[in-house]
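An overview of the molecular structure
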Amino acid sequence: MALPQVLQLSSLYQLPELLEAARMELVSQLTTDNAVLLLIELDKHSMGLEDGAKDRVVKFIKDNAREVVKGPHWKEFVTSYADLVTDIMLALVS
């Protein structure tokens, strides 16, 4: 089973320990090509967790912005996820 599926199922069945482990494992696989997709998944399946996974991805996007905006998912991300784009912009200006 792929990690995004584990993330979805652990959120669905309210298994916070498994959810946190899946979130952290996904963050360890972060690349400029998958950063925005990962941020979307982490945001969808947070269950109120403050494990720092989302913050790490936002920081990664901030640190690698030139490459991330050239990635295959950036344009769709910007048009579909305004709140997450705002989080990235706030990180860029801080």
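Keep in mind that this is a model prediction, so the values were computed, not measured. (Residues numbered from 1 in each chain as written. Predicted model: local features only at pLDDT ≥ 70, side-chain atom pairs only at ≥ 80, totals over all residues. Heavy atoms only, no water.)

Structurally, Phe-60 is set in helix α4 (residues 53–63). Taking the relative accessible area as the measure of exposure, Phe-60 reaches 21% and is therefore partly exposed. Spatially, the C-alpha atoms of Phe-60 and Ala-35 are 7.8 Å apart, while their sequence positions differ by 25 residues. (Helix = DSSP H or I, 4+ residues; strand = E, 2+ residues; numbered from the N terminus. Buried < 20%, exposed > 50% of the residue type's maximum accessible area, 1.4 Å probe, protein only.)

A few words now on a nonpolar patch on the surface. A cluster of nonpolar side chains, namely Leu-9, Leu-12, Tyr-13, Leu-15 and Leu-18, defines an oily patch on the protein surface of about 490 Å² accessible area. Looking at where Leu-18 falls in the secondary structure, it is placed in helix α2 (residues 16–28). (Patch = residues over 30% accessible without salt bridge, like charges linked within 9 Å, V, L, I, M, F, W, Y side chains within 5 Å. Areas by Shrake-Rupley, 256 points an atom, 1.4 Å probe, with all protein chains shown as cover. Salt bridge = Lys/Arg side-chain N within 4 Å of Asp/Glu carboxyl O.)

Their axes nearest at 10 Å, the elements helix α3 (residues 35–44) and α4 cross at an angle of 155 degrees. Between α3 and α4, the angle falls in the class roughly antiparallel. The two elements α3 and α4 meet at a crossing, and its hand is left-handed. For the pair formed by α3 and α4, the contact residues are Ala-35, Val-36, Leu-38, Leu-39, Leu-42 and Asp-43 on the first element and Ala-53, Lys-54, Val-57, Val-58, Phe-60 and Ile-61 on the second. (Axes fitted to C-alpha atoms, helices over the stretch in contact; angles between N-to-C directions. Parallel < 35°, antiparallel > 145°, perpendicular 65-115°, else oblique. Left-handed = near helix turned anticlockwise from the far one by under 90°. Contact = heavy atoms within 4.5 Å.)

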